[in-house]
Amino acid sequence: MCGIAGLIDLGAAPADMAPLLTALRHRGPDAQAFVRVGSLTLGATRLAVVGAAGGAQPMQDEPSGITLVFNGEIYNAPALRQQLAEQGHRFRSTCDTEVVLRAWVEWGPGTLDRLSGMFALAIAERDGRRLVLARDPAGIKPLLVARLPDGRGLVFASEIGALLAHPAVSAELDLTAFADLISVGHPLGAASLFAGVDVLPAGHILEISWQGRLLIGTPRPFRRPYDCDVAPIDAEDAVETALEAAIRSHLQADEPVAVALSGGLDSSLIAALAAESISSTAYRLRSYTVAASPEHPDARAAAAVAAAIGTEHHLLTPSFDDYLAAVPETIAATRSPDLGAGPMFLLLCRRIAADTKACLNGEGADEMFGGYPSHVAALPTLASMEDGLRRARRSGLQPSDAALALIERVRRTASSGVEHFATMLAVNRADQLERCHLDPVDQLSMAASLEMRVPYLEGSLRALVTALPTSLHHPTAPAGQKPLLRRIARRRFGSRLAAATGRAKLMMPDAAGDHAVTFATMCERALARTPWRHSALGVCFPTAKDFVTFELFRRICIEGQGRRSDLPSIRDLLAELSGRRRRALA
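Predicted, not measured: the structure shown is a model, and the values here were computed from it.

How each quantity is defined
- Residues numbered from 1 in each chain as written.
- Predicted model: local features only at pLDDT ≥ 70, side-chain atom pairs only at ≥ 80, totals over all residues.
- Heavy atoms only, no water.
- Helix = DSSP H or I, 4+ residues; strand = E, 2+ residues; numbered from the N terminus.
- Rg over C-alpha atoms; globule rule 2.2 N^0.38 Å.
- Buried < 20%, exposed > 50% of the residue type's maximum accessible area, 1.4 Å probe, protein only.
- Contact = heavy atoms within 4.5 Å.
- Areas by Shrake-Rupley, 256 points an atom, 1.4 Å probe, with all protein chains shown as cover.
- Phe/Tyr/Trp six-rings, centres within 6.5 Å; stacked < 30°, edge-to-face > 60°.
- Axes fitted to C-alpha atoms, helices over the stretch in contact; angles between N-to-C directions.
- Parallel < 35°, antiparallel > 145°, perpendicular 65-115°, else oblique.
- Left-handed = near helix turned anticlockwise from the far one by under 90°.
- Nonpolar A, V, L, I, M, F, W, Y, C, P; charged D, E, K, R; others polar.
- Salt bridge = Lys/Arg side-chain N within 4 Å of Asp/Glu carboxyl O.
- Pairing = 2+ DSSP bridges.
- Core = buried A, V, L, I, M, F, W, Y, C linked by side-chain atoms within 4.5 Å.

*Asks:* Describe the overall build of the chain, and please don't skip the residues or the numbers.
*Replies:* When helices and strands are counted, the chain shows 20 helices and 18 strands. Radius of gyration (C-alpha) of the chain: 23 Å, near the 25 Å computed for a compact globule of 586 residues. Across the 586 residues that make up the chain, the buried fraction comes to 58%. If you take every contact in the chain between residues at least 6 apart in sequence, the share linking residues at least 24 apart comes to 70%. Of the roughly 22600 Å² of accessible surface on the chain, 51% is carried by carbon and sulfur atoms.

Put into structure tokens, the structure is as follows:
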């Protein structure tokens, strides 16, 4: 796992790559390096999880003139290595980065269809005169791109903070993307919250070349469809088999892989299958839970599951001061004013990272198998979107056409339960999965130098589940939501997972418990006599807490160019905003 960055600069004096890599140091504390190939500079920071020896990046193949920087894990790397070895390739290391490099030498862009895993990569060809960028089909690993002024070049990186370390990239709020965030909960398409910074879409390839002038292609999808012709009657067995295989592949590492365990269905099933998979190995699976107190439902359910499946279990119960300190750190990591479950998840990742470098996570199960309340509760979903749209427009902002089309799509299907379920399943599997879940999971785990793995989004499992009839995911009594997963868990593990299979759905932010309530109350009291709603964007926010987190985002990510040093404390910020010290509000 790594942070990657690159720079094409056709100007007379290319910028220094070192500040970009410094901004990515948390993603790869084990090593960092860069190489210049003509007008192109490629760099990487490395967190060594597989093949620690011999996996230094950037990695070059001198005979072909190909240079690679790579972020992610390729779970079918052993099979690809064997195939390439049979075709005459010789390997110097056991890391998957070299497998990707040799595969590109052999198959070129056709390599991307053969990779099973999470990845963002950059390949320099023709001795640095052509650059190829690509991301995994699920969008698990991020990659962002910004063009330099006057068409003289381009810069890309794993995180916005690295782009902002380039002197020609400024931190300016994209008001259309911000309006989309207020209206539907996240930016859409290639847009980011920063003007001039684009997200390379999941499962797309972007080709760039230059010979005197920069030629940037249009991102295009690269993934061929999987063959997933499974009869509905066989779906349960097929999903169980694919999930088992995904978890086995995700346990590959040079040191033990842990599991984040909330005590809910998704993480409990992963933990149980992982514990079975490693039962004959030399180590015992470690599980980790975070909750505001030992009495929280997550803490109790996770402890019951851990005892039943035999993990070495660890419970983290942060204090309110711990939670409060993690709020600005979360915003600095995600570069977003949407706090979500971030503070608790960041603290959990730090705890896990103290013991190991890689961890399994249940992210993606709700999107794949239909687990959100919004899948069945149409009117609250629509009301939330329409309220956000009104707030955005009252502030003078206009959401994108894509956001308006999304709201209309939800409105059109809200009166039909089955049609609404299918609509929300598709919506949740698209931009929302990437922007609201995968991006913060990546950013917060990597802020702690921890690789978070998401087996529910493994390529063949994801393709299988997506190809199944929507009716198989629709909740029916007594199974409840995610009926396929629930039946698999009950059939396979019976009473051992009773604490998880019988639970009602809790969202991850609920783990913060009273801490989140106390923080919201602090914000309301501090700003009770402050006309924050009359500030330029104040009307966008339904609560004082939302305004405070945006103000943190503005100061850290816009005014501060995303720098992580000298983060404001919540108590100092609230004192200032309440009028005890004067400063213009956002």
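*Asks:* Can you explain the packing of aromatic side chains? Please cite residues and give values.
*Replies:* Within the structure shown, the criterion is met by 11 aromatic pairs. Aromatic side chains phenylalanine 550 and phenylalanine 553 sit 6.0 Å apart centroid to centroid with 40 degrees between the ring planes, which places their arrangement in the tilted category. Taken as a pair, phenylalanine 550 and phenylalanine 553 lie in helix α19 (residues 544-559) at a separation of 3 residues, close to a single helical turn. Of the two residues examined, phenylalanine 550 and phenylalanine 553, each falls in the buried class. A connected cluster of aromatic rings, assembled from ring pairs, spans Phe178, Phe194, Trp532, Phe541, Phe547, Phe550 and Phe553.

*Asks:* How would you explain the packing of helix α7 (residues 265-277) against helix α16 (residues 483-493) if you had to name every residue and give the values?
*Replies:* Viewed as axis vectors pointing N to C, α7 and α16 meet at an angle of 40 degrees, and their least axial separation amounts to 10 Å. In terms of orientation, α7 lies oblique with respect to α16. Seen along the crossing, α7 lies across α16 with a hand that is left-handed. Residues Leu265, Asp266, Leu269, Ala272, Leu273 and Glu276 of α7 lie in contact with α16, whose contacting residues are Leu485, Arg486, Ile488, Ala489, Arg492 and Phe493. Of the residues belonging to the contact of α7 with α16, the class tally is 8 nonpolar, no polar and 4 charged.

*Asks:* Describe the pattern of salt bridges, naming the residues involved and giving the relevant values.
*Replies:* This structure, assessed with the given rule, holds 35 salt bridges. Among the ionic pairs, arginine 130 bridges to glutamate 207, the shortest N-O distance being 2.4 Å. One end of the pair, arginine 130, is in strand β7 (residues 130-135); the other, glutamate 207, is in strand β11 (residues 204-210), with 77 residues separating them in the sequence. Given the relative accessible area of 12%, arginine 130 is considered buried. Of the charged contacts in the structure, one is a salt bridge between arginine 491 and aspartate 237, with a shortest N-O distance of 3.0 Å. Of this pair, arginine 491 sits in helix α16 while aspartate 237 sits in helix α6 (residues 235-250), and the two are 254 residues apart along the sequence. Residue classification places aspartate 237 among the partly exposed positions, given a relative accessible area of 42%. It is possible to trace a salt-bridge network through shared partners that takes in Glu236, Asp237, Glu240, Glu244, Glu276, Arg487, Arg491 and Arg492.

*Asks:* Quick rundown of the sheet that holds strand β17 (residues 358-360)? Include the residues and the values.
*Replies:* Spatially, 5 strands are ordered β16-β15-β14-β17-β18 in an open sheet, and the strand pairing comes out parallel. A strand with exactly one partner marks an edge of an open sheet, and here the two such strands are β16 (312-316) and β18 (451-453). Strand-to-strand twist across the sheet, computed as the mean angle between neighbouring axes with direction ignored, equals 30 degrees. Where strand β14 (residues 258-260) and strand β15 (residues 286-290) come together, 2 bridges link them in parallel fashion.

*Asks:* Which residues make up the sheet that holds strand β3 (residues 40-46), and what are the values?
*Replies:* Sheet architecture is open: 6 strands sit in the order β2-β3-β1-β9-β8-β10, paired in antiparallel fashion. Only two strands of the sheet have a single neighbouring strand rather than two, namely β2 (31-37) and β10 (197-199). Each neighbouring strand pair of the sheet contributes to a mean axis angle of 15 degrees, computed without reference to strand direction. Relative to β3, β2 is paired through 7 bridges, and the arrangement is antiparallel. Paired with alanine 33 across the strands is alanine 44, a residue of β3.

*Asks:* Run through the packing of helix α5 (residues 175-184) against helix α13 (residues 401-413), naming residues and quoting values.
*Replies:* Packing of α5 against α13 leaves a shortest axis separation of 9 Å and a crossing angle of 15 degrees. Here α13 runs roughly parallel to α5, going by the angle between their axes. Judged by the twist between their axes, the crossing of α5 over α13 is left-handed. Every residue of α13 that contacts α5 at Asp180, Ser183 and Val184 is listed here: Ala403, Leu406 and Ile407.

*Asks:* A description of unusual backbone geometry should follow, citing residues and the corresponding values.
*Replies:* In this model, glutamine 57 is joined to proline 58 through a cis peptide bond whose omega is -5 degrees. Assignment of secondary structure puts proline 58 in the loop between β3 and β4 (59-61). With a phi close to 50 degrees, arginine 335 is a non-glycine residue in the positive phi region. When you line up the elements, arginine 335 lands in the loop between α9 (320-334) and α10 (342-353).

*Asks:* Can you tell me about the environment of arginine 335, naming the residues and giving the values?
*Replies:* Exposure remark for arginine 335: the relative accessible area of 5% places this residue in the buried category. A sequence separation of 174 residues divides arginine 335 from glycine 161, and the C-alpha atoms of the two residues are 7.9 Å apart.

*Asks:* Hey, could you go over the pairing of strand β6 (residues 117-125) for me, with residue numbers and the actual values?
*Replies:* A large share of β6 lies buried, amounting to 9 of its 9 residues. Of the two faces of β6, the one holding Gly117, Phe119, Leu121, Ile123 and Glu125 and the one holding Met118, Ala120, Ala122 and Ala124 are both buried throughout. Pairing analysis gives 8 bridges linking strand β5 (residues 66-74) to β6, with the strands arranged antiparallel. Bridging from a neighbouring strand, isoleucine 74 pairs with glycine 117 of β6.

*Asks:* Please set out the environment of histidine 515 residue by residue, giving values where relevant.
*Replies:* Relative to the assigned elements, histidine 515 resides in helix α18 (residues 514-526). Classification of histidine 515 by relative accessible area gives buried; the value is 10%. Sequence separation between histidine 515 and proline 318 is 197 residues; the distance between their C-alpha atoms is 9.2 Å. Residues contacting histidine 515, with those up to four places away along its chain left out, are Ala292, Pro318, Ser319, Phe320 and Tyr323.

*Asks:* Explain the nonpolar core residue by residue, including any values.
*Replies:* One finds Phe178, Phe194, Phe519, Leu527, Phe541 and Phe553 to be the most contacted residues of the largest nonpolar core, which totals 76 residues. Filtering out sequence-adjacent residues up to four positions away, phenylalanine 194 remains in contact with Ile160, Leu164, Ala171, Glu172, Asp174, Arg335, Phe553, Cys557 and Ile558.

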